[in-house]
Amino acid sequence: MASFKIEGGNFLKGEIKPQGAKNEALQVLCAVLLTSEKIRIKNIPEIGDVQCLIQILKNLGVIIKKNNIGDYTFQAKEIYIEYLNTKKFFIEYGQSIRGSLMIAGPLLARFGKVCMPIPGGDRIGRRRLDIHLRGFESLGSQIVYKENQYFYIYSKYLTGKYLLLEEASVTGTANIIMAATLAKGKTTIYNAACEPYIQQLCRLLNRMGSKIKGIGSNLIHIIGVTELSGCTHTILPDMVEIGSWIGLAAITSSEIKIRNVSWKNLGIIPNTFKKMGIKLEKKNDDIYIPSQKYYRIKKLLNNAILTISDAPWPGLTPDLLSILTVVATQAKGSVLIHQKMFESRLFFVDKLIEMGAQIILCDPHRATIIGLNHQSYLRGSILNSPDIRAGIALLIAALSAKGTSIIKNIEQIDRGYENIDQRLRILGAKISRIV
Ligand SMILES: CC(=O)N[C@H]1[C@@H](OP(=O)(O)OP(=O)(O)OC[C@H]2O[C@@H](n3ccc(=O)[nH]c3=O)[C@H](O)[C@@H]2O)O[C@H](CO)[C@@H](O)[C@@H]1O
Ligand SMILES: C=C(OP(=O)(O)O)C(=O)O
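Residues numbered from 1 in each chain as written. Chains lettered and ligands numbered in written order. Predicted model: local features only at pLDDT ≥ 70, side-chain atom pairs only at ≥ 80, totals over all residues. Heavy atoms only, no water.

Undergrad: Looking at this structure, I do not really get the overall build of the protein. What am I missing?
TA: Along its length, the protein carries 14 helices and 23 strands. Over its C-alpha trace the protein gives a radius of gyration of 22 Å, about what one expects of a compact globule, namely 22 Å for 435 residues. With the C-alpha coordinates of the protein rotated into their principal frame, the extents come out at 65 × 50 × 45 Å. Out of the 435 residues in the protein, the part that is buried amounts to 59%. Looking at the protein alone, contacts between residues at least 24 apart form 73% of all its contacts between residues at least 6 apart. Entry remark: accessible area of the protein is about 17,300 Å², with carbon and sulfur atoms responsible for 51%. Distance from the positive charge centre (56 side chains) to the negative charge centre (35 side chains) of the protein: 3 Å. (Helix = DSSP H or I, 4+ residues; strand = E, 2+ residues; numbered from the N terminus. Rg over C-alpha atoms; globule rule 2.2 N^0.38 Å. Buried < 20%, exposed > 50% of the residue type's maximum accessible area, 1.4 Å probe, protein only. Contact = heavy atoms within 4.5 Å. Areas by Shrake-Rupley, 256 points an atom, 1.4 Å probe, with all protein chains shown as cover. Lys, Arg positive; Asp, Glu negative; His and termini not counted. Charge placed at Lys NZ, Arg CZ, Asp CG, Glu CD.)

Listed below in structure tokens is the structure:
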């Protein structure tokens, strides 16, 4: 188990290129299973979760060629579906990430059966499977579900249907769309998730020969086809990483330019940071964050305390709330962070409190943060990274704190952030990896 050692309180300066989007990569990598032809995918982030999924594809028999860093060609010509019944898949790979779940839709559509362990991922709440499995059932599959162990899905063929999802699940929508591309007839999905990840997946599938309409909305129409072909796809920059860099710049009073952010795909993320009082400028497709001594949290029109909460897209992604929580600890003013979508993502605030942050955890979903405005710095501490986003939030806290911090279990951070310590050192951060 590796750790980071951080000397906090340093000003950072420089330019950064965001990695490819983790959650888009996990979707489009699964889509390669839908065709026997070659799919080239560029801007794949070199992060733990993606490496795990690439290994699963390789073990399934997908031919994989690395063209360059982040640039791979995949060909799912011969698939060894029996691999799904092996201990290695069940114990080592299938259970270690949430993204493994999305091989189910493509394999069901193309081969008519899938056996999967309960997937892993961040331990931030229940991580339900209902939308996925009920969606496959609606398309004509039989489901066998063994609680907390595995599920088995089989179907001679899939038939297009009208589906009204109980909730706009991101991976659930992706899984059902991929299954529906090879179903007989038309599928309509209402209350679909429409995050940029889903939009990109649909664009890839249409380039492969799918017939998908309604991209970017919560009403998706898919006309099933008999087979799909190969093509090339480039993954968008990671909007959650971009938000992480904005928060880092603000709380450490640093001057950072984030290159090629694909501004039009950031939704309300820039404005959310502006509501935190953070100055940021759009320069072409870059974001420039000037060094700022303080940032004053805006009030609501009736002068009430600001609330920042998550919601399905085009609402604010829940993955940024951990970062916004730590950024608020050094703001001027107070904010209520309301994490609606997960029950236990905010529990990490106890570590921030230990570092000297003024936070009241009102309940598992809401935390009130009283900003210290650098009047009293966070104190360096020995920390443990419980999940990807809490991990990066603690790393940001340690970089702004006075003194030395050790963050353990940094494999969680490596799951979602590419070479984070190397990239931070280039900006002047005093961080080292202790293995
Ligand atoms: C691999 C991957 O892509 N992971 C992302 C995916 O997880 P994942 O697809 O697992 O998350 P879901 O979108 O299914 O749901 C996330 C949570 O929000 C709740 N929920 C969802 C929709 C809704 O309208 N109301 C509601 O309350 C669900 O019950 C669940 O507790 O989407 C999440 C929500 O953006 C992100 O945090 C994860 O990073
Ligand atoms: C929750 C996250 O990831 P996963 O769904 O893969 O656990 C995340 O990226 O913040």
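Undergrad: Explanation requested: the layout of surface pockets in the structure shown.
TA: Summary: where empty space remains is shown by rolling a probe the size of a single water molecule over the atoms. Each pocket or cavity is described by its volume, and for the largest pocket that value is around 820 Å³. Contributing elements (two or more residues each) for the lining of the largest pocket: α1 (22–31), α5 (130–138), α6 (170–180) and α12 (388–400). Here the lining of the largest pocket takes four residues from α1, the largest share from any one element. Of the residues that constitute the lining of the largest pocket, the class distribution is 14 nonpolar, nine polar and 15 charged. (1 Å grid on protein atoms, 1.4 Å probe; cavity = no way out; pocket = protein on both sides within 12 Å on 5 of 7 lines; lining within 4 Å. Points joined across faces, edges and corners; volume = space filled by probe spheres on them. Nonpolar A, V, L, I, M, F, W, Y, C, P; charged D, E, K, R; others polar.)

Undergrad: Would you mind showing me how to read the sheet that holds strand β8 (residues 150–154) here?
TA: Within a sheet, each strand pairs with its neighbour through backbone hydrogen bonds, oriented either parallel or antiparallel. Read from one edge to the other, the open sheet built from three strands follows the order β6-β8-β7, with strand pairing classed as antiparallel. Each edge of the sheet is formed by a strand with only one pairing partner; in this case those strands are β6 (113–117) and β7 (142–146). The mean inter-strand angle of the sheet, taken between neighbouring strand axes irrespective of direction, is 10°. The pairing of β6 with β8 spans five bridges and is antiparallel. Within β8, the residue paired with Cys115 across the bridge is Tyr152. Docked against the sheet, helix α4 (residues 104–111) engages β6 and β8, running at close to 155° with respect to β6. Set on the sheet, α5 makes contact with β7 and β8; between it and β7 the angle comes to about 155°. (Pairing = 2+ DSSP bridges. Axes fitted to C-alpha atoms, helices over the stretch in contact; angles between N-to-C directions.)

Undergrad: Would you explain the site of ligand 1 in this entry?
TA: Residues in close proximity to ligand 1 total 17 residues, the closest being Glu167, Ser169, Thr171, Asp319 and Met341. Contact distances for ligand 1 include 2.9 Å between an oxygen atom and a backbone N or O atom of Val170. Bound to the protein, ligand 1 loses 88% of the 750 Å² it would expose on its own. According to the grid-proximity analysis, the pocket containing ligand 1 is the largest pocket. Looking at the shell around ligand 1 residue by residue, the class counts come to seven nonpolar, three polar and seven charged. Each of domain 1 (3–19 + 237–434) and domain 2 (22–234) contributes no fewer than three residues to the shell around ligand 1. (Near = heavy atom within 4 Å. Polar contact = N/O pair within 3.5 Å; in protein donor to acceptor, adjacent residues only side chain to side chain. Sits in = over half its atoms within 2 Å of the grid points. Domains from an automatic or database assignment.)

Undergrad: Would you explain the packing of aromatic side chains in this entry?
TA: A ring pair, where both rings are aromatic, is described by two values, the distance of the centres and the angle of the planes. In this structure the tally under the stated criterion is four aromatic pairs. A connected cluster of aromatic rings, assembled from ring pairs, spans Tyr83, Phe89 and Phe90. Taking NZ or CZ as reference, Lys332 lies 3.9 Å from the ring centre of Tyr294, over its face. Over the ring of Tyr377 we find Lys402; its NZ or CZ atom is 4.3 Å from the centre of that ring. (Phe/Tyr/Trp six-rings, centres within 6.5 Å; stacked < 30°, edge-to-face > 60°. Lys NZ or Arg CZ within 6 Å of the ring centre and 35° of its normal.)

Undergrad: What should I look at first to understand the sheet that holds strand β10 (residues 186–190) in this one?
TA: In spatial order, the strands read β9-β10-β12-β11; together these four strands make up an open sheet with mixed pairing. In this open sheet, the two strands that pair with only one neighbour each are β9 (162–164) and β11 (211–213). Neighbour-to-neighbour, the strand axes of this sheet turn through a mean angle of 15°, independent of strand direction. Strand direction decides the pairing type here: β11 and strand β12 (residues 219–223), joined by three bridges, are antiparallel. By the bridge assignment for β12, Lys213 is matched with His221.

Undergrad: What's the story with the pairing of β12 in this structure? I'm lost.
TA: Where a strand is regular, its side chains alternate between the two sheet faces. Side chains Ile220 and Ile222 of β12 all project onto a buried face; the interleaved residues Leu219, His221 and Ile223 project onto a face where none is buried. Pairing of β10 with β12, which is carried by five bridges, proceeds in the antiparallel orientation. Along β12, the bridge assignment pairs Tyr190 with Leu219. Between β11 and β12, which follow one another and run antiparallel, lie five residues, and Gly214 among them has a positive phi close to 90°.

Undergrad: Looking at this structure, I do not really get α5. What am I missing?
TA: Those residues of α5 not exposed but buried are Ile131, His132, Leu133, Gly135 and Phe136. The inward-facing, buried residues of α5 abut α4, β7, β8, β9 and α6. Positive backbone phi, at 105°, marks Gly140, one or two positions downstream of α5.

Undergrad: Looking at this structure, how should I read empty space enclosed by the protein?
TA: Applying the stated criterion across every chain, the model contains two cavities of 30 Å³ or more. Each pocket or cavity is described by its volume, and for the largest cavity that value is around 70 Å³. Lining the largest cavity are Ala21, Glu24, Pro196, Tyr197, Leu236, Pro237, Met239, Val261, Ser262, Asn265 and Leu266. Partitioned by chemical class, the residues of the lining of the largest cavity number eight nonpolar, two polar and one charged. Shared between two domains, the lining of the largest cavity takes at least three residues from each, and those domains are domain 1 (3–19 + 237–434) and domain 2 (22–234). The calculated volume of the second largest cavity comes to roughly 60 Å³. Contributing to the lining of the second largest cavity are Ser244, Trp245, Leu248, Ile392, Leu395, Ile396, Leu399, Tyr417, Ile420 and Leu424. In terms of residue class, the lining of the second largest cavity is made up of nine nonpolar, one polar and no charged.

Undergrad: What is the right way to look at the pattern of salt bridges in this model?
TA: Two side chains carrying opposite charge are able to pair once their charged atoms lie near each other. Taken as a whole, this structure holds 21 salt bridges when the rule is applied. For Asp49, the salt bridge identified is with Arg415, shortest N-O distance 2.7 Å. In this pair, Asp49 sits in helix α2 (residues 48–59) while Arg415 sits in helix α13 (residues 411–416), placing the two residues 366 residues apart along the sequence. Given the relative accessible area of 2%, Asp49 is considered buried. A salt bridge links Glu167 to Arg128, with the shortest nitrogen-to-oxygen separation between them at 3.3 Å. (Salt bridge = Lys/Arg side-chain N within 4 Å of Asp/Glu carboxyl O.)

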